[in-house]
Amino acid sequence: MTATTPSVLFVCVHNAGRSQMAAGFLRELAGDRIEVRSAGSLPADRINPVAVEAMAEVGIDITAEQPKVLTVDAVKASDVVITMGCGDACPIFPGKRYEDWTLEDPAGLGIEAVRPIRDDIRTRIETLVGELT
C-alpha cells in the first residue's frame, strides 16, 4: 500500500454479514488498489455461515475472516467509512467520507433472502471502486 492508496472501512453491528460481504467484494474487485478494513460495534463470535455460503456462490471465500471490534484508530486510518446499520456507534472525524448503506441484516435469514442483499452490496462496491480508482 502506498500513501495514495485509498482505504475503506465497512462497519456494521456484528461484523459478521454485510460488512464482511462488502469487504470480500472490495478485495476481489479492487485488488491492491484499495485498502480494505471491516469492523463491528458489537462483533459476533464468527462470520454468518449464510453470508459465507452466499459469497462462495460467486467465487469469493470469506471463511478465514473473523469479526473485529470497531476502534477509533481504524476510523482514523480510513479515507471512506461505510456504515450499515450501526447508527451512532461509529465515531465521526472531520475530513472523512461517510456513507450509510441501508441494507437488510442477513442474520437469521436463509440463503434465498441473503442473495439479494449480497447482489445489492456487489453493485454498491462496483460503484465505489469506480469512484476511488
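It should be noted that the structure appears before, not after, this text.
Worth saying up front: this structure is predicted, and the values here are computed from it rather than measured.

> Sorry if this is basic, but what is going on with the overall build of the protein here?
Counting secondary structure elements, the protein contains four helices and four strands. Secondary structure of the protein in N-to-C order comes out as β-α-β-α-α-β-β-α. Its C-alpha atoms put the protein at 40 × 30 × 25 Å along the principal axes. Here the protein, with 133 residues, has 45% of them falling under the buried criterion. Summarising the internal contacts of the protein: among those between residues at least 6 apart in sequence, 71% fall at separations of at least 24. Here the protein displays about 6500 Å² of accessible surface, and carbon together with sulfur accounts for 52% of that area. The distance from the centre of the 13 positive side-chain charges to the centre of the 20 negative ones in the protein is 3 Å.

> How do you make sense of the packing of helix 2 (residues 49-57) against helix 4 (residues 111-132) when you look at a structure like this?
Any two packed helices are characterised by the angle at which their axes cross and by the distance between the axes. Two elements in contact, helix 2 and helix 4, have axes whose closest approach is 9 Å; the angle formed by their N-to-C orientations is 60°. Viewed along their axes, helix 2 and helix 4 adopt a mutual orientation that is oblique. Seen from above, helix 2 lies across helix 4 with right-handed handedness. Residues Val50, Ala51, Glu53, Ala54, Met55 and Glu57 of helix 2 lie in contact with helix 4, whose contacting residues are Ile111, Val114, Arg115 and Arg118. For the contact of helix 2 with helix 4, the per-class residue count stands at six nonpolar, no polar and four charged.

> What is the right way to look at the sheet that holds strand 4 (residues 97-100) in this model?
Either a parallel or an antiparallel arrangement is found when strands of a sheet pair, and the pairing is made through backbone hydrogen bonds. In space, the four strands of this open sheet follow the order 2-1-3-4, with parallel pairing throughout. Two strands lie at the open edges of the sheet, namely strand 2 (35-40) and strand 4, each paired on one side alone. Strand-to-strand, the axes of this sheet are offset by a mean angle of 20°, without reference to chain direction.

> What's the story with the nonpolar core in this structure? I'm lost.
Considering soluble globular proteins, one finds that nonpolar side chains tend to be buried as a cluster. With 31 residues, the main nonpolar core has Val8, Phe10, Leu26, Ile82, Met84, Ile121 and Ile125 as its most contacted residues. Breaking this core down by element, the ones donating at least two residues are strand 1 (7-12), helix 1 (18-30), helix 2, strand 3 (80-84) and helix 4. The residues contacting Leu26, other than those within four sequence positions of it, are Val8, Phe10, Gly31, Ile34, Val36, Ile125 and Val129. The next biggest cluster of nonpolar side chains, apart from the first, holds seven residues, and it includes Val11, Leu70, Val75 and Val81.

> Help me out: how do you make sense of helix 2 in this one?
Residues three or four positions apart in an α-helix share a direction because the helix packs 3.6 residues into each turn. Val50, Ala51, Val52, Ala54 and Met55 are the residues of helix 2 that are buried. Looking at the buried positions of helix 2, the neighbouring elements they touch are helix 1 and helix 4. Sitting at the amino-terminal end of helix 2 is Asn48, which places a side-chain oxygen 2.8 Å from the backbone nitrogen of Val50. Two residues or fewer after helix 2 comes Gly59, characterised by a positive phi angle close to 80°.

Cut-off values and rules
- Residues numbered from 1 in each chain as written.
- Predicted model: local features only at pLDDT ≥ 70, side-chain atom pairs only at ≥ 80, totals over all residues.
- Heavy atoms only, no water.
- Helix = DSSP H or I, 4+ residues; strand = E, 2+ residues; numbered from the N terminus.
- Buried < 20%, exposed > 50% of the residue type's maximum accessible area, 1.4 Å probe, protein only.
- Contact = heavy atoms within 4.5 Å.
- Areas by Shrake-Rupley, 256 points an atom, 1.4 Å probe, with all protein chains shown as cover.
- Lys, Arg positive; Asp, Glu negative; His and termini not counted.
- Charge placed at Lys NZ, Arg CZ, Asp CG, Glu CD.
- Axes fitted to C-alpha atoms, helices over the stretch in contact; angles between N-to-C directions.
- Parallel < 35°, antiparallel > 145°, perpendicular 65-115°, else oblique.
- Left-handed = near helix turned anticlockwise from the far one by under 90°.
- Nonpolar A, V, L, I, M, F, W, Y, C, P; charged D, E, K, R; others polar.
- Pairing = 2+ DSSP bridges.
- Core = buried A, V, L, I, M, F, W, Y, C linked by side-chain atoms within 4.5 Å.
- Polar contact = N/O pair within 3.5 Å; in protein donor to acceptor, adjacent residues only side chain to side chain.

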